[in-house]
Amino acid sequence: MGEMRILPKIWLLILLALLPILGSAQIDGEVIKAEYGSFLLKGGNLVRVSDSNLEDTDLLIKNGKIEAIGKGLPEENARVIDCTGKYVYPGMIDAGSRLGLVEISSLEETQDFLELGEVTPNMQVITAVNPNAVAIPVTRVSGVTSSLAIPQGGLFPGTAALIHLHGYTPDQMFGGFKGILMNFPSTAKRGNYDKRSENTIKSEAKEQLDKIDAIWKKAETYHGIKSAGGSTDYYPEMEHLSKILAKEIPLIIEVNSAKDIKSCLEWIADKDIKVIFSGVAEGWRVADKIAEAKVPVLTGPILSLPTRESDAYDAVYANPGKMLKAGVKVAIRTNQQAENTRNLPYHAGFAAAYGMGREEALRAVTLSPAEIFGLDNLIGSLDEGKLANLFVSDGDPFETQTNITHVFIQGYKIPMTNRHIRLYQEFLERKPELLE
Amino acid sequence: MKSALIYIAFSLSAIFLMAASERPPKGSIVIRNGNLLTITNGLLEATDLWIEDGVIKKIGKELKVPSGISSIDATGKYVMPGIIDAHSHIALETVNEASSPITSEVWMGDVVDPFDISIYRALAGGVTVSHAMHGSANAIGGQNITLKHRYGNKEPSGLFMNEAPRTIKFALGENPTRVHGRGKNIQPKSRMGVEAVIRNGFEEAKQYTKRWEEYEKNKGKEVPPSYNLRLETLRDVLDGKIIIHCHSYRADEIYMLIQVCKEYGIDKIVFSHVNEGFKVAPELAKYSMGASVFSDWWAYKFEVYYSTAYNAAILTRNGVLTSVNSDSGEVIRHLYHEAGKSQKYGDLSDEEALSLITINPAIQLGIDQWVGSLEEGKHGDIAIFDRHPLSIYAIPEMTFIEGVKYFDRHEDETDQRLKVDPREKVEAVYLYQETHNCMRDVDFFFTNFGRNLFEHKH
C-alpha cells in the first residue's frame, strides 16, 4: 500500500520537473489556423454604426453570420468570448488598395496590378489577388477585414473587386462587388519629375479624352447591337464596357484635381450609368457640385500632402470632412501602399480630427463603403443577418494605444498573428544575446 | 539723383538687415498652466513655462515674470519639446551627389532651400529641428546639416543650427549597389563591395593623415601633400569629430559596419532606417549611438521585406537608443502619430514613445544639451497640442523656436509660400507626390520612355 502511494508522487514530481519543458514544447512547423463555428461575444459594447451603440450586449456568430444581438443570449454550443469592458466594431473596409496584388513594390515580378494596354476593362484583379500575400495577415489583425483591390494604368485598367481578407481561393475571398475602373485624363502633374509644360499637359489630356469618347461610342454601338439581340464577334473590351451601359456594373472613375472633377461631372452628365469617383484629392474645392451630381466618393490617402503649394497644410486631412458637409457620400481608402493598408484606421482618425468627426469617420470605413458597393445588406455594420466581419478591441480603433484582441472574417475567427508579430516574439529576447 | 539716394539708402538698410539676421531671432514668452510633457522629468500638470531670450528660464507653478512678457494660456493643453526628425530631406535643393561611391567632400549646407513650403508644413506638425541629409546613393555620402525650422528667414544659413556637431551620411545595401554597381558597373555591386569601398576610404584617409603628420613633423623640409577635402573629412570621421548616420536595412550589413567601425575605433555611429535592426539589437545597444527607424514602413523593396513594425519596441527593450524619423516631407508632418504606433506595436510607455521623437534623436544628432526636453537652460523650442500628442485626434496648435512663434493654427493663412514662381501662369497641381526622399536626383538612372521605373525611394 505504502509503495503504491509513493509511486504516483514520484510520477507527479517527474511531471512537475518536466512541466516547463512540456509547457513550452512546440510541435515543429505548427500553424495556427482560422476557426469556424459558433462564437458568443459576451457582454461587449457594440458599436453598431447602423444604429445607436448597445452597452453590455451579446453577439452570436453562427454559420458565418451575425445570428443574434441581444442581452443574455443562450450559450448553447457556442464558444464564449468574454467581451466585458471591450468594444465590438464592424470590420473596416478599405475603399481602394493594392493589397494582394503586389508583394514587394519595387520588384516588377511581384506587381500584378498593372497590365499592358490602354483599354483593358476585361482584366480581372480578382484573378491576380494572392490569398497568401504576407501583407494580408499583417493588415487584418488591425481590424481591416475587406478591401477594394484596384488595378492601375491606362484609360480602362481593369475590373476592381472587393475582397475579404481571409480565404484560400479568390472565390472564397470575393466580397460580391466589382467595378470597372477608368482613369479620367489628368491635367495635374504626376510629381516633381513631371516637366511637361502646361500646354503639353492640356493637349495630352484632351487627346486622351477624345480617345475615351471614341471608345465609348464603340461601346454604345456594341451595347446597341447586343441589346437588340444581334450577334457580336469576340470583343472582350467592349463586352465589359457594355456592362456599364447595361448598369450591371458601376464605372469607378479615378479623378483628382478640381478642374478634372468638373470636366468629369460634365462628361457623365448625359450618361445613364452608375458612377463612383475615386481619389478626389481636390474634392473639397468642388464639393457642392459632386453632391449635386449625387456621385459617391472613395477618397484617400488622407495622410498625404496638399495638391498645391499654396494650399493649407491640412487640405487633404480636411478633404473628407468638407465633402461630407457638402452632402457627398464619402468612403476612405489608403490607396497604393499595399503593405500599409493596416493604417486605414489612422487615415480615418486624421479625417476625424480635421473636421469629419469620429462617428462619421468610422462610417467612412464601414457602412458608407458598404453602401457605395451596394453591399450594405451584408457588411458595414453590426446587424443580425449580416456577415460576421467584425473585431473586438479594448478601445477606439483609431487610437494607436488600442489593442485589437479578436477579428472575425466571414465567421472565421482569425489567428491574431502574422510575420511582424512572429519576428517580435522571436527577437524581443534574442538568444544568444551578444558575442563578447 | 533722388533715385540714386533711395538706392543707397535701400542698400544700406539691406546691409543692416543682413547684419541683423546673423543672430537667429530669439523671443521671450510665458506659457501658462499647460500640461508639460518634459520627457526627462515626467508630466507636470498645470505648470508654467517661461522662455527668456530664446532659452527656458524657469518651469514651475504660477511663475512671476517681468511685465511686458507676453503670455499664452495653455490651460488643458499639452506642451512638449519641439519634435526632432533625425532623418529628413526637406529644405534641400538637391539630395544626391551620385557621381562616386564616396563623396564625403560635399555638404548639404550648400544646398539648403529656405523657401521650401515643407518647412512650414513640418512646423504645423510640431517639428522644430530636422537633420537634412545627403541621399543614399553612395556608400559614403555627403555631410549633412542640422536645421532649425526658422521659416520666413530667407538666408539658408539662417536655418542652420550652429550648435550642432558635424554628421555624415553612409549607405549600405540596395541603393549604393544599384546606383554604382548596376547603374554604372563600378564597385559596389554587392554588400561585399560596400564593405570594401568603406574600408578603402578609411585606409586612404589613414595614409593621407600619415602624409600630413610626416610633413608637419619635418616642416620646411618637404613639399606639402596635396589637400583633399574628401579624405580630410574621412580623417575627421576616424578622429570621432563627425557622427556617422548610416542608411541601412539588413542585419548582416548593419553587423558588418559595426565590425568595421570597431576595427577603426569609431563609436559615433547611428544606424538609420535599420529595418532589421531588431535582429542585431544587442550589438546595436553595445556598439552604436542607436537606431533611427521608420514607425512601420516595409515591403517597398526586397531588403525591407522581413521587417516588423515592432522594431522600435524591440530595440528600446534591448537598450538601444531609438528614434523614429520621417525621411519624407509628408510623414514629417505627423511624427507624433508615428511615435504613437510604438504603443500599438510593443506597448511603449508615453514617455518612451515621446522620447523617440525628442530626446533620443537629439542625442543621436549631438544636440541634446540644447534641445529634446523641457528643461531650464535648454532652447525654448516647444510645440503646443490641444490634447495629448499621442492621441490620433491631437492637433498641433502652436510651434515655437527659441521663444519665437513660427506656427499658430488659429492665425494660419492658407497660402504660406514665401515666393511664387513668376513663370507660372496657373499653379501646378501635384497628385500624391513624395518630394523628399533618399533617392532623389538619381531617378535618371532608372527612367525608361518617360516612365518612372523607380518606385522604391527610401
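Residues numbered from 1 in each chain as written. Chains lettered and ligands numbered in written order. Predicted model: local features only at pLDDT ≥ 70, side-chain atom pairs only at ≥ 80, totals over all residues. Heavy atoms only, no water.

### What to know about the overall build of chain A
The condition is simple: Numbering of helices and strands starts at the N terminus; helices are DSSP runs of H or I of at least 4 residues and strands are runs of E of at least 2. To sort residues, take the accessible area from a 1.4 Å probe on protein chains only and compare it with the maximum for the residue type: under 20% means buried, over 50% means exposed, and anything in between is partly exposed. Residue contacts are counted whenever heavy atoms from the two residues lie within 4.5 Å of one another. Accessibility throughout is a Shrake-Rupley quantity obtained with a 1.4 Å probe, and a residue counts as covered only by protein chains that appear here.
Regarding its fold elements, chain A presents 13 helices and 16 strands. Among the 436 residues that make up chain A, the fraction classed as buried is 57%. Long-range pairs, those at least 24 residues apart, make up 66% of the contacts in chain A with a sequence separation of at least 6. Here chain A displays about 19,400 Å² of accessible surface, and carbon together with sulfur accounts for 52% of that area.

### Structural notes on the sheet that holds strand β7 (residues 127–132) of chain B
Residue and element names in this part refer to chain B. Stated precisely, the cut-off is as follows: At least two DSSP bridges between two strands are needed for those strands to be called paired. Interaxial angle, 0 to 180 degrees, is taken between N-to-C directions of lines fitted to C-alpha atoms, where a helix line uses only the stretch in contact.
What the three strands build is an open sheet, ordered β6-β7-β9; its pairing is mixed. Each of the sheet's edge strands pairs with one partner strand only, and the pair in question is β6 (83–88) and β9 (145–148). Going across the sheet, the axis of each strand differs from the next one's by a mean of 20°, ignoring polarity. As judged from the four bridges shared by β6 and β7, these two strands associate in the parallel manner. Looking across to β7, one finds that Ile84 is bridged to Val129.

### Overview of the sheet that holds strand β10 (residues 251–255) of chain A
All names here are of chain A. Strands sit in the order β6-β7-β8-β9-β10-β11-β12-β13 across an open sheet of eight strands; the sheet is mixed. Across the chains shown, the open sheet's two edge strands, defined by having one partner strand only, are β6 (92–97) and β13 (330–332). Taken pair by pair, the neighbouring strands of this sheet meet at an average axis angle of 25°, ignoring direction. Relative to strand β7 (residues 144–149), β6 runs parallel, the two sharing four bridges.

### Quick look at unusual backbone geometry
Backbone torsion omega between A:Lys431 and A:Pro432 reads -5°, so that peptide bond is classified as cis. Position of A:Pro432 among the secondary structure elements: in the segment after α13 (419–427). Going from B:Gln187 to B:Pro188, the amide bond is cis rather than trans, its omega being 5°. Mapping B:Pro188 onto the fold places it in the loop between α3 (174–184) and α4 (191–217). The phi angle at A:Val280 is positive, at roughly 55°, despite the residue not being glycine. Note on placement: A:Val280 falls in the loop between β11 (275–279) and α8 (287–292). Here A:Val280 falls in the buried class, since its relative accessible area comes to 0%.

### Here we look at the domain arrangement of chain A
All names here are of chain A. Condition: Segmentation of the chain into domains, including their bounds, is taken from an automatic or database domain assignment. Using a 1.4 Å probe, buried area is obtained as the accessible area two parts lose upon being combined, added over both of them.
Here the domain parsing of chain A yields domain 1 (31–91 + 380–430) and domain 2 (92–378). Centre-to-centre, using C-alpha coordinates, domain 1 lies 29 Å away from domain 2. In this complex, domain 1 contributes 32 residues to the contact, which on the side of domain 2 involves 31 residues. Both sides together, the interface formed by domain 1 and domain 2 hides about 2,500 Å², and carbon and sulfur atoms give 68% of it. For domain 1, the biggest contributors to the area lost against domain 2 are Gly91, Phe398 and Ile409; these three give 24% of the whole.

### With respect to the packing of α4(B) against helix α5 (residues 229–238) of chain B
Residues and elements named next belong to chain B. Filter applied, for reference: With respect to orientation, any angle under 35 degrees is reported as roughly parallel, any angle over 145 as roughly antiparallel, any angle of 65 to 115 as roughly perpendicular, and every other angle as oblique. When residue character is reported, Ala, Val, Leu, Ile, Met, Phe, Trp, Tyr, Cys and Pro are called nonpolar, Asp, Glu, Lys and Arg charged, and the others, Gly included, polar.
Two numbers describe how α4 lies on α5: the axes approach to 8 Å, and their chain directions differ by 95°. The orientation of α4 with respect to α5, classified from their angle, is roughly perpendicular. For the pair α4 and α5, the contacting residues are Gly201, Phe202, Glu204, Ala205, Lys206, Tyr208, Thr209 and Trp212 in the first and Leu231, Glu232, Leu234, Arg235, Val237 and Leu238 in the second. Of the residues in the contact of α4 with α5, the class split is eight nonpolar, two polar and four charged.

### A word on the pattern of salt bridges
Residue and element names in this part refer to chain B. Going by this rule: Put simply, a salt bridge is a Lys or Arg side-chain nitrogen that is within 4 Å of an Asp or Glu carboxyl oxygen.
Under the definition given, this model contains 48 salt bridges over all chains. Between Lys219 and Glu216 there is a salt bridge, with its nearest N and O atoms 3.6 Å apart. The class of Lys219 is exposed, set by a relative accessible area of 54%. Residue classification places Glu216 among the partly exposed positions, given a relative accessible area of 42%. For the salt bridge of Lys301 with Glu303, the shortest nitrogen-to-oxygen distance reads 2.9 Å.

### Points about helix α6 (residues 251–263) of chain B
All names here are of chain B. For clarity, the threshold we go by: Expected span of a helix: the number of residues minus one, times 1.5 Å.
Taking 1.5 Å per residue, 13 residues should reach 18 Å; α6 reaches 18 Å between its end C-alpha atoms and fits that length. Those residues of α6 that are buried lie in contact with β10 (166–171), α4, β11 (242–248), β12 (269–273) and α7 (281–287). After α6 finishes, the residue Gly265 shows a positive phi value of roughly 70°.

### Overview of the interface of chain A and chain B
Taken together, the contacts link 72 residues of chain A with 67 residues of chain B. Taking both sides of the interface into account, the surface hidden between chain A and chain B amounts to around 6,600 Å²; carbon and sulfur atoms contribute 54%. Area buried by chain A at its contact with chain B is led by A:Leu305, A:Glu309 and A:Tyr313, which between them contribute 12% of it. For the pair chain A and chain B, the interface holds two salt bridges. Linking A:Asp314 and B:Arg409 is a salt bridge whose minimum nitrogen-to-oxygen distance equals 2.9 Å. Mapped by element, the contributors of at least two residues to the side of chain A that touches chain B are α3 (135–140), α10 (344–356) and α13 of chain A.

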